[in-house]
Amino acid sequence: MVVLFLIVIVFLLIRITSLGSEVQGIRDRSNRELTALQESLKHAQADLATAKDLAPGLGEYMTTIQLHAGKLWFAVKASNWDLAEYELDELKETMEAAKALNAEKNGIKISGVLDSVLQTQVAQLGGSLKRKSQTEFQKSYDETLSACNGCHTEAGYNFIHIVRPSAPPVTNQRWEMPGK
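Everything numeric in this text was worked out from a predicted model, so none of it was measured.

Once that is clear, we can look at the overall build of the protein. A count of helical and extended segments in the protein gives five helices and two strands. Going residue by residue from the N terminus, the α and β elements of the protein occur as α-α-α-β-β-α-α. Taking 16 Å as the expected radius of gyration for a compact globule of 180 residues, we find that the protein reaches 32 Å, considerably beyond that expectation. In terms of principal-axis extent, the alpha carbons of the protein reach across some 110 × 40 × 30 Å. Buried positions account for 28% of the 180 residues belonging to the protein. Contacts in the protein between residues far apart in sequence, at least 24 positions, make up 63% of those at least 6 positions apart. Here the protein displays about 12,000 Å² of accessible surface, and carbon together with sulfur accounts for 59% of that area.

Next up, the structure:
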C-alpha cells in the first residue's frame, strides 16, 4: 500500500511539474499575444491621428458650404431647378459632415447651429425649389445667410460675413438648362 501511495505521489509530482510547464507556456504565449495587441493598438492610434490630421476641418467644410450655396444661387437665377436641387443636396450633405465634427467655437456648439439651420432655413430653401419660386427662394436664401452670419458673430468670427454672390463661383459651368 505504501508503494502504491508513493507511486501516486510521484505521479502527482510529475503531473504537477508538467502542468507548471504548460501554464508557463500559456503565460508566455499570452504575453506575446498581449504585446502584439499592444503594438497593433499603437499602430491603430497612430493611423487614427494621421487620419484626423488629414481630415477636413470646420473651415474646409464651411468653404465647401459657401461654394454650394453660391452655385445654388446661380442655378435658381437660371431657373435650372434640377441643378438647384442637386446643389441643395450637396449643401445638406456638407452640413451633415460638418455637424459630425462636433466642433465648438467660443462656447457655440456648431453642430447644434448647423442642425437648426438644416431643419429651418435649408428646409425652406428646399420648399421654394419644389415650388420653383425664385421669390420664396431669395427670401429663404437671405434668411439662411442671416443665420450663418449670426453664428459667425456669436462664435467670435464676425469678420466672416457671407452675402449673396454677385458673380458665379466657378466660370466653367453652364447654369442654364441645355436648349434654353
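Right, let's talk about the nonpolar core for a bit. In terms of nonpolar packing, the biggest core is built from 32 residues, with L72, M95, L129 and F137 touching the most fellow members. When residues of this core are traced back to their parent elements, those giving at least two are α2 (58-77), α3 (81-99), α4 (110-130) and α5 (134-154). Ignoring anything within four residues of it in the chain, the contact list for M95 reads I65, L114, V117, L118 and V122.

We now examine the pattern of salt bridges. Considering all chains together, one arrives at nine salt bridges under this definition. In this structure, the salt-bridge partner of K42 is E39, at a minimum N-O distance of 3.6 Å. Taken as a pair, K42 and E39 lie in helix α1 (residues 2-54) at a separation of three residues, close to a single helical turn. Assessed through its relative accessible area of 52%, K42 is described here as exposed. Looking at E39, the relative accessible area reads 37%, which means it is partly exposed. Ionic pairing is found between E96 and K99, a salt bridge with its closest N-O pair at 3.3 Å. A residue pair is termed a helical-turn pair when its members lie 3 or 4 positions apart in one helix, as E96 and K99 do in helix α3 at three residues.

On the surface, a nonpolar cluster with roughly 1,200 Å² of combined accessible area is contributed by M1, V2, L4, F5, L6, V8, I9, F11, L12, L13 and I16. Counting through the fold element by element, V8 comes out in helix α1.

Glancing now at the packing of aromatic side chains. Enumeration according to the criterion identifies five aromatic pairs in this entry. Seen from their ring centres, F137 and Y141 are 5.3 Å apart, and the 45° between their planes marks the pair as tilted. Residue F137 and its partner Y141 are located together in helix α5, separated by four residues, close to a single helical turn. One exposure class covers both F137 and Y141, and it is buried. An aromatic cluster is built from W73, F137 and Y141, whose rings are joined through pairwise contacts.

Conventions we followed
Residues numbered from 1 in each chain as written. Predicted model: local features only at pLDDT ≥ 70, side-chain atom pairs only at ≥ 80, totals over all residues. Heavy atoms only, no water. Helix = DSSP H or I, 4+ residues; strand = E, 2+ residues; numbered from the N terminus. Rg over C-alpha atoms; globule rule 2.2 N^0.38 Å. Buried < 20%, exposed > 50% of the residue type's maximum accessible area, 1.4 Å probe, protein only. Contact = heavy atoms within 4.5 Å. Areas by Shrake-Rupley, 256 points an atom, 1.4 Å probe, with all protein chains shown as cover. Core = buried A, V, L, I, M, F, W, Y, C linked by side-chain atoms within 4.5 Å. Salt bridge = Lys/Arg side-chain N within 4 Å of Asp/Glu carboxyl O. Patch = residues over 30% accessible without salt bridge, like charges linked within 9 Å, V, L, I, M, F, W, Y side chains within 5 Å. Phe/Tyr/Trp six-rings, centres within 6.5 Å; stacked < 30°, edge-to-face > 60°.

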